[in-house]
Number of protein chains: 2
Amino acid sequence: MARTDIARRVYNHAWKLDPIIRSLLDTDFYKLLMLQMIWGLYRDVDVTFSLINRKKTVRLADEIDEQELRAQLDHARTLRFSKKEMIWLAGNTFYGRKHIFQPEFLEWLQDFQLPDYELTRKNGQYELHFYGPWIYTTMWEIPALAIINELRSRAAMKNMGRFALDVLYARAKAKMWSKVERLQKLPDLRISDFGTRRRHSFLWQRWCVEALKEGIGEAFTGTSNVLHAMNLDLEALGTNAHELPMVIAALAKTDKELRSAPYRVMQDWNRYYGGNLLVVLPDAFGTDAFLHNAPGWVADWTGFRPDSAPPVEGGEKIIRWWLEHGKKPQEKILIFSDALDVDTIEKTYRHFEGRVKMSFGWGTNLTNDFAGCAPQKNSGLDAISLVCKVTHANGRPAVKLSDNLQKATGEPEEIERYIKFFGNSERIDKPIKV
Amino acid sequence: MARTDIARRVYNHAWKLDPIIRSLLDTDFYKLLMLQMIWGLYRDVDVTFSLINRKKTVRLADEIDEQELRAQLDHARTLRFSKKEMIWLAGNTFYGRKHIFQPEFLEWLQDFQLPDYELTRKNGQYELHFYGPWIYTTMWEIPALAIINELRSRAAMKNMGRFALDVLYARAKAKMWSKVERLQKLPDLRISDFGTRRRHSFLWQRWCVEALKEGIGEAFTGTSNVLHAMNLDLEALGTNAHELPMVIAALAKTDKELRSAPYRVMQDWNRYYGGNLLVVLPDAFGTDAFLHNAPGWVADWTGFRPDSAPPVEGGEKIIRWWLEHGKKPQEKILIFSDALDVDTIEKTYRHFEGRVKMSFGWGTNLTNDFAGCAPQKNSGLDAISLVCKVTHANGRPAVKLSDNLQKATGEPEEIERYIKFFGNSERIDKPIKV
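Since we're looking at a predicted model, the values are computed, not measured. (Residues numbered from 1 in each chain as written. Chains lettered and ligands numbered in written order. Predicted model: local features only at pLDDT ≥ 70, side-chain atom pairs only at ≥ 80, totals over all residues. Heavy atoms only, no water.)

J.: Would you mind showing me how to read the overall build of chain A here?
T.: When helices and strands are counted, chain A shows 18 helices and 11 strands. What you see for chain A is a C-alpha radius of gyration of 21 Å, in line with the 22 Å of a compact globule of 434 residues. C-alpha atoms of chain A, sized along the principal axes, occupy 70 × 50 × 45 Å. Relative to its full complement of 434 residues, chain A shows a buried share of 60%. Across chain A, the fraction of contacts at a sequence separation of at least 24, relative to all contacts at a separation of at least 6, is 79%. Accessible surface, chain A: about 18600 Å² in total, of which carbon and sulfur atoms supply 49%. Taking the average location of the 61 positive side-chain charges in chain A and that of its 56 negative ones, the two points are 2 Å from each other. (Helix = DSSP H or I, 4+ residues; strand = E, 2+ residues; numbered from the N terminus. Rg over C-alpha atoms; globule rule 2.2 N^0.38 Å. Buried < 20%, exposed > 50% of the residue type's maximum accessible area, 1.4 Å probe, protein only. Contact = heavy atoms within 4.5 Å. Areas by Shrake-Rupley, 256 points an atom, 1.4 Å probe, with all protein chains shown as cover. Lys, Arg positive; Asp, Glu negative; His and termini not counted. Charge placed at Lys NZ, Arg CZ, Asp CG, Glu CD.)

Structure below.
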């Protein structure tokens, strides 16, 4: 028997494409939950998603070859949900609930295909837009980001030798495992992988997920990545995202509709899902305004996911609000998911320990932390703040403010209008790391 | 094409033995140099080599399965030098010299086979002896040690899962590479691999050697391991060992013969080899006595290898002696090879920088440093002080004193006699780490 499997060697050598996205399930679970609701309630709304690279000094169009990018995007468009995947979606229990997806939705989903894209270059950046019905364009967010991030990793590693790559991954694994060992010391930790979009690569995300599964056991509650969840028998996690209030707000015709947009989304959500899926995402237009205008029933929801305020301040604000509304924080959950790493996780965990239930959705610093790992300094391996956001809904501009103005997206005059409308109370202006 | 190579899977599964020693070249180069001289001058001398585990708290016979040990030793005995290996030994340049091995010696060598062994158990330790002509038994030293050390590693890793093993090696690689990066900062460093006997495993030694080759380039002067030298196109390095003066001293019939034993070995050596191979190993019976009794021509040799004194003190002593004999230390070389790690290498390098040529023979801490690498504490991966030494020559007891009494070997009354004879000046008594 030869040491080298000749067939494999030839096959590898003859590769036209090493696909980054190999399954439509290689996306975040909340996209599917949201998709079912969008399909049910907003299937005629057109929504544009656009790539936004907040790190302008990284010239993506110089780093990533356009033909490779097109080949990857085109390949993702060839994918359909497989039989096995459809059966799993129909038969699996999500958040303790069977049949979370309706048969009619699944029937529609089995023919799903990612829609076309528009790709141009401008000032060393890619302009990447997805136009069309929301039910199609929404599904591009995660694969588009994963493709660009992994192509960027591949470009950064193109000239590294076999040995340098070996050292790179050895160090990344050692670094990741030392994080695992620190997390082992937090007795009641609940943490999950939210790192699909920013991952270094698909295989590296899988390794990190396996590391958490192996290293912290029950404290690892699952992954947002549906494909990894299926393949590794983990819980698929995630509820909803800013795109929902952003679109409904963009469609608002009156001030009243604009003000009520975030709550209308929650009412829709409540009709589709319940229990642990009732997680408030309060910061689309600023948490202060959200809490100030919130109807009383918002306090009945299971938890909050403060996604752009610093975790301690953001969490304290929500606890105060619960207490004002006569709720026991010990029975509520805070889900932290913004710019986490082990330091912030430890600090936040220790700060709130025993006062409220907590869960951490760990993203970029879980699946793309290669700082200091390459034998030769290689800034192409540093994660960047890349997002794919709703920019228009039925032709009207969409806006996200968040609690950190540096995370705001939308046309400048529209951002101004939203700030005037929702106020600017306690909003911070802090550089985004990842 | 299947993801799994079925033939390989079946082959792996059906393995009866995963041999540790797969080639007679998987030994230290100095064994071959010494062998040629022993074959030329002492082919009728019987010499017993015996395993000595200085770390009594490690019960080798409990850690390593006797059947596995026998199977590995038996397998090593089936080996012969292959055609390719013989051609390489005859055609390669060693220490800048072509045809270092005589045709008659090579002719004899091509039928070489490791002799029988005697293995018993006592108090949780293995008693492993090799009896017979020196020209055969000498060749067991390195493979016997490599086999026992690797069987111990394998035993320690037997119950580790796939993931724990992945983390173990990732950390070991990261650790090794951080050592490489420290060595890169020493501009005129000359360092080589001397880690065959104590290695964690054959494959791990190869990785470490490749790391040095890749990481420090010219500063990495080669390896003592002949097989790695051949396969990786490196210099094979090493000159002579304590067994030579030990045997000649054991055979001495008079005090005069005993006193002159170390110098007689050097005269023999000088007839066989010259130039860079003229390296004095002064500590078999203590460096002080050696220098005190040394004939003037010893100062003409190229360098010294102080092998048991602390490097700074040992080196200073030799430099003083060279100066007393009118030699310029800048034209001489000190080869350090005892218990080195990056800390001691840096310290020794900085201490002697510019005053003398230096070279480092890096052993155990190069090829078997897994401290802190296993996800769960695993003392089975800590290297131990295991040696295989001459115990008798033609039935007479052999002794090594060295500059550190804890490294002395031999029967207690014989050690006493040697100490009385050679004196005990400046000998230390320091616990051996590795």
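After presenting the structure, the write-up continues.
J.: Hey, could you run me through the environment of D369(A) in this one?
T.: Residue and element names in this part refer to chain A. Looking at where D369 falls in the secondary structure, it is placed in the loop between α17 (364-367) and β10 (386-393). Each C-alpha atom, one on D369 and one on H200, is 8.0 Å from the other, the two residues being 169 residues apart in sequence. Look past the residues within four positions of D369 in its chain and what remains in contact with it is K175, K179, D341 and T364. Among the polar contacts listed, one links the side chain of D369 to the side chain of K175, at a separation of 2.9 Å. (Polar contact = N/O pair within 3.5 Å; in protein donor to acceptor, adjacent residues only side chain to side chain.)

J.: How should I be thinking about the state of the cysteines in this particular structure?
T.: Throughout this description, disulfide means a covalent bond between two cysteine sulfur atoms. Scanning the model with the defined rule gives 0 disulfides over all chains in all. Of all cysteine sulfurs in the structure, the one in C208(B) sits closest to C373(B), which takes part in no disulfide; the separation is 10 Å. (Disulfide = S-S within 2.5 Å.)

J.: Mind showing me how you'd approach the pattern of salt bridges here?
T.: Between side chains of opposite charge, a pair can form as their charged atoms come close. All names here are of chain B. Inspection of the entire model under this criterion finds 60 salt bridges over all chains. R197 is paired through a salt bridge with E141; the nearest N and O atoms lie 3.1 Å apart. Here R197 is found in the loop between β4 (191-193) and α10 (202-216), whereas its partner E141 is found in helix α8 (residues 141-157), with 56 residues between them in sequence. Here R197 matches E141 in class, with each residue buried. (Salt bridge = Lys/Arg side-chain N within 4 Å of Asp/Glu carboxyl O.)

J.: Hey, could you run me through the sheet that holds strand β5 (residues 220-223) of chain A in this one?
T.: Strand-to-strand pairing in sheets goes through backbone hydrogen bonds, with the strands running parallel or antiparallel. All names here are of chain A. Here we have 6 strands laid out as an open sheet, ordered β5-β4-β9-β8-β7-β6, and parallel in their pairing. The open sheet terminates on both sides in strands that have one partner only, identified here as β5 and β6 (279-280). Where β6 meets strand β7 (residues 303-304), 2 bridges bridge the pair, whose relative direction is parallel. The partner of V279 across the bridge, within β7, is G303. Helix-sheet contacts for helix α10 (residues 202-216) involve β4 (191-193), β5 and β9 (357-362), and the interaxial angle to β5 is about 160°. (Pairing = 2+ DSSP bridges. Axes fitted to C-alpha atoms, helices over the stretch in contact; angles between N-to-C directions.)

J.: Please explain the UniProt feature "domain: Nicotinate/nicotinamide phosphoribosyltransferase" (unreviewed entry) in chain A as it appears in this structure.
T.: UniProt marks residues 190-417 of chain A with the feature "domain: Nicotinate/nicotinamide phosphoribosyltransferase" (unreviewed entry), using the numbering shown here. Helix makes up 39% of residues 190-417 of chain A and strand 14%, whereas the separation of the span's terminal C-alpha atoms amounts to 39 Å. (UniProt positions renumbered as here; feature names shortened; annotations may be inferred.)

J.: In this structure, what is going on with the packing of helix α9 (residues 162-183) of chain B against α10(B)? I would like to understand it.
T.: Geometrically, a packed helix pair is captured by the angle between its two axes and the distance between the axes. All names here are of chain B. With their axes 10 Å apart at the nearest point, α9 and α10 run at an angle of 35° to one another. At the point where α9 passes α10, the crossing takes the right-handed sense. Residues Y169, A172, K173, M176, W177, V180 and L183 of α9 pack against W204, W207, C208, A211, L212, E214, G215 and I216 of α10. Taken together, the residues of the contact of α9 with α10 sort by class into 12 nonpolar, 1 polar and 2 charged. (Left-handed = near helix turned anticlockwise from the far one by under 90°. Nonpolar A, V, L, I, M, F, W, Y, C, P; charged D, E, K, R; others polar.)

J.: Would you take a moment to explain the UniProt feature "domain: Nicotinate phosphoribosyltransferase N-terminal" (unreviewed entry) in chain A for this structure?
T.: UniProt's feature table lists "domain: Nicotinate phosphoribosyltransferase N-terminal" (unreviewed entry) at residues 25-149 of chain A, given in the numbering used throughout. As a span, residues 25-149 of chain A carries 46% helix and 14% strand, and end to end its C-alpha atoms are 18 Å apart.

J.: Would you mind going over the packing of aromatic side chains with me for this structure?
T.: Working definition: an aromatic ring pair is given by the centre-to-centre distance plus the angle between the planes. Residues and elements named next belong to chain A. Counted by the stated rule, this structure contains 67 aromatic pairs over all chains. Between W88 and F94, the ring centres sit 5.4 Å apart and the planes meet at 85°, which makes this aromatic pair edge-to-face. The residues W88 and F94 share a single accessibility class, namely buried. Ring geometry for W108 against Y136: centres 5.7 Å apart, planes inclined by 50°, an arrangement best described as tilted. Here W108 is found in helix α6 (residues 103-109), whereas its partner Y136 is found in helix α7 (residues 134-137), with 28 residues between them in sequence. What makes Y136 partly exposed here is its relative accessible area of 27%. Taking NZ or CZ as reference, R43 lies 4.2 Å from the ring centre of W39, over its face. (Phe/Tyr/Trp six-rings, centres within 6.5 Å; stacked < 30°, edge-to-face > 60°. Lys NZ or Arg CZ within 6 Å of the ring centre and 35° of its normal.)

J.: What is the right way to look at unusual backbone geometry in this model?
T.: Glycine aside, residues mostly have negative phi, and peptide bonds are mostly found in the trans state. Of note in the backbone geometry, D233(A) takes a positive phi value of approximately 55° without being a glycine. Residue placement: D233(A) occurs in the loop between α11 (226-231) and α12 (243-251).

J.: In this structure, what is going on with the sheet that holds strand β7 (residues 303-304) of chain B? I would like to understand it.
T.: A sheet is described by the order of its strands in space; here 6 strands give the open sequence β5-β4-β9-β8-β7-β6 (chain B), paired in parallel fashion. Because the sheet does not close on itself, it has two edges, and the strands there are β5 (220-223) and β6 (279-280) of chain B.

J.: Sorry if this is basic, but what is going on with the interface of chain B and chain A here?
T.: Each partner contributes residues to the interface: chain B has 24 residues there, and chain A has 24 residues. The contact between chain B and chain A buries some 2100 Å² in all, and 60% of this surface belongs to carbon and sulfur atoms. Counting across the interface, chain B meets chain A through 6 salt bridges. Here K173(B) makes a salt bridge to D166(A), at a shortest N to O gap of 2.8 Å. Linking chain B with chain A are 8 residue pairs in polar contact (both at pLDDT 80 or more), by the criterion used here. Going through the elements one at a time, α1 (6-13), α9 and α10 of chain B are the ones with two or more residues in the side of chain B that touches chain A. (Buried area = accessible area lost by both parts, 1.4 Å probe.)

J.: In this structure, what is going on with the confidence of the model for chain A? I would like to understand it.
T.: Regions with low pLDDT should not have their predicted coordinates read in detail. The predicted model of chain A averages 95 in pLDDT, with 99% of residues at 70 or higher. Two summary scores accompany this predicted model of the complex, namely pTM at 0.92 and ipTM at 0.87. (pLDDT = per-residue confidence, 0-100.)

J.: Help me understand the side chain of D307(A) in this model?
T.: All names here are of chain A. Considering the arrangement of structural elements, one finds D307 in the loop between β7 and α15 (311-324). Within the local environment of D307, its side chain forms a polar contact with the side chain of S337, the two groups lying 2.7 Å apart. Those residues in contact with D307 that lie beyond four places of it in its chain are H242, L281, D283, S337, D338 and K407.

J.: Honestly, helix α15 (residues 311-324) of chain B in this entry has me stumped. Any pointers?
T.: The periodicity of an α-helix, 3.6 residues per turn, causes residues three or four positions apart to be oriented the same way. All names here are of chain B. Over its 14 residues, α15 extends 20 Å from the first C-alpha to the last, a length consistent with the 20 Å expected when each residue adds 1.5 Å. Within α15, 10 of the 14 residues are buried, leaving the element largely enclosed by the surrounding structure. The inward-facing, buried residues of α15 abut α14 (287-293), β7, β8 (333-336) and α16 (342-352). Looking one or two places after α15, you find G326, whose phi comes out positive at around 70°. (Expected span 1.5 Å × (residues − 1).)

J.: Explain the relation of the copies chain B and chain A to me, please; I cannot follow it from the model alone.
T.: With an axial shift of 0.0 Å and an RMSD of 0.0 Å, the rotation relating chain B to chain A amounts to 180°. Here the copies are linked by what is in effect a two-fold axis. No C-alpha of chain B approaches the rotation axis more nearly than that of A170(B), which lies at 2.0 Å. Both copies present the same face, since 100% of the interface residues in chain B are matched by interface residues at the equivalent positions in chain A. (Least-squares fit on C-alpha atoms with pLDDT ≥ 70 in both.)

J.: Help me understand the pairing of β5(A), please; the structure alone is not making it clear to me.
T.: All names here are of chain A. When β4 meets β5, the two strands line up parallel, connected through 3 bridges. Paired with S192 across the two strands is G222, which belongs to β5. As a crossover connection, the stretch from β4 through α10 into β5 is right-handed. (Right-handed = clockwise from strand over helix to strand, strands pointing away.)

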